[in-house]
Amino acid sequence: MQPLIDNARAHGRRPEEFARLAQGQSPQVLFITCSDSRVVPALITGARPGELFELRTAGNIVPPYASEHPTSEAATIEYAVEVLGVQDVVVCGHSHCGAVGALVRGDDLTAVPAVRDWLAHAAPEQRPSAADDPTVAEAVQNHVLAQLLRLRSYPCIEQRLKSGRLRLHGWYYEVHTGSVHEHRTETDTFEAL
């Protein structure tokens, strides 16, 4: 913890670098990714403060839209699209994902009921061969596509897509190589950026 504290102290000694941020934010991208500590959106994209609006959830899950019981995820998505006017939304899954891996392997999650219930929103296609792959690459990529599909059911997303004011992107990040792959709709494959 001490190195993190030391960096936080040094970080605050450069107020001139951050003064413009007090004027507000105008990110162009909503970046939805996993809470995994190995996935660092600003590091992956090179974004500076104010350039990405982030939503991080266990397994980069986008829960179903429900207007009667809104989730914090839905509020974040709606705010990014309606208030901040982001033009792009990236859903970024990653290799070695514990959430997707647990689902693929059928892990017993009774000791972590909140995790179990949260992951019920994901339920990727079960393939026995996927359980043998420690990167769970194919399962994660399918999961990213499922989350993109779910995003399309959000009213604010649907409206912006119809009007051509929003683009959706599916990314797959390899934690063991640092490479990023994007889903190409024309070939239905993830290809390196």
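As shown above, the structure is provided for reference.
Residues numbered from 1 in each chain as written. Predicted model: local features only at pLDDT ≥ 70, side-chain atom pairs only at ≥ 80, totals over all residues. Heavy atoms only, no water.

Caption draft 1: Spatial organisation of the environment of L84. Within the secondary structure, L84 is located in the loop between α4 (72–83) and β3 (88–94). What makes L84 buried here is its relative accessible area of 15%. Separated by 100 residues in sequence, L84 and R184 place their C-alpha atoms 27 Å apart. Dropping the residues within four chain positions of it, L84 is found in contact with Q25, P27, F53 and Y79. (Helix = DSSP H or I, 4+ residues; strand = E, 2+ residues; numbered from the N terminus. Buried < 20%, exposed > 50% of the residue type's maximum accessible area, 1.4 Å probe, protein only. Contact = heavy atoms within 4.5 Å.)

Caption draft 2: A look at the layout of surface pockets. Taken as a whole, the largest pocket holds about 200 Å³ of empty space. What lines the largest pocket is L145, L148, R152, L168, H169, G170, E182, H183, R184 and T185. Broken down by secondary-structure element, the contributors of at least two residues to the lining of the largest pocket are α7 (137–151), β4 (167–173) and β5 (180–184). Looking at the lining of the largest pocket residue by residue, the classes come out as 3 nonpolar, 4 polar and 3 charged. (1 Å grid on protein atoms, 1.4 Å probe; cavity = no way out; pocket = protein on both sides within 12 Å on 5 of 7 lines; lining within 4 Å. Points joined across faces, edges and corners; volume = space filled by probe spheres on them. Nonpolar A, V, L, I, M, F, W, Y, C, P; charged D, E, K, R; others polar.)

Caption draft 3: Molecular detail of the packing of aromatic side chains. Taken as a whole and judged by the stated rule, the model has 3 aromatic pairs. With a centroid separation of 5.8 Å and 80° between ring planes, the pair formed by F31 and W171 is classed as edge-to-face. Of this pair, F31 sits in strand β1 (residues 29–34) while W171 sits in strand β4; the two residues are 140 residues apart in sequence, bridging distant segments of the chain. On the basis of relative accessibility, which here comes to 1%, the residue F31 falls in the buried class. W171 gets classed as buried once you look at its relative accessible area, which sits at 15%. Measuring from ring centre to ring centre gives 5.9 Å for F53 and Y79, while their planes differ by 35°; the resulting arrangement is tilted. With F53 in strand β2 (residues 52–57) and Y79 in helix α4, this residue pair connects regions lying 26 residues apart in the sequence. (Phe/Tyr/Trp six-rings, centres within 6.5 Å; stacked < 30°, edge-to-face > 60°.)

Caption draft 4: Summary view of the pairing of strand β6 (residues 189–192). For β5 and β6, the ladder comprises 4 bridges, and the chain directions are antiparallel. By the bridge assignment for β6, H181 is matched with A192. Turn length for the β5-β6 hairpin, with the two strands adjacent in sequence and antiparallel, is 4 residues, and the turn residue D188 shows positive phi of about 55°. (Pairing = 2+ DSSP bridges.)

Caption draft 5: Representation of the packing of α4 against helix α8 (residues 155–162) in the model. Relative to each other, α4 and α8 sit at 35°, their axes nearing to 9 Å. Between α4 and α8 lies a crossing whose hand is left-handed. Here α4 contributes I77, E78, V81 and E82 to the contact with α8, which in turn contributes C156, I157, Q159 and R160. For the contact of α4 with α8, the per-class residue count stands at 4 nonpolar, 1 polar and 3 charged. (Axes fitted to C-alpha atoms, helices over the stretch in contact; angles between N-to-C directions. Left-handed = near helix turned anticlockwise from the far one by under 90°.)

Caption draft 6: Just the side chain of E182, in detail. Among the structural elements, E182 can be located in strand β5. Here E182 falls in the buried class, since its relative accessible area comes to 13%. In this structure E182 touches H169, G170, W171, T189, F190, E191 and L193, once residues within four positions along its chain are discounted.

Caption draft 7: Region of the structure containing the pattern of salt bridges. Under the counting rule described, the total for this entry stands at 9 salt bridges. Note that E82 is salt-bridged to R160, the shortest N-O span being 3.4 Å. Of the two residues, E82 sits in helix α4 while R160 sits in helix α8, which places them 78 residues apart along the sequence. Exposure remark for E82: the relative accessible area of 37% places this residue in the partly exposed category. Classification of R160 by relative accessible area gives buried; the value is 12%. With its nearest N and O atoms 3.1 Å apart, the salt bridge here joins R184 to E182. Among the charged side chains, a network of salt bridges with common partners joins E182, R184 and E191. (Salt bridge = Lys/Arg side-chain N within 4 Å of Asp/Glu carboxyl O.)

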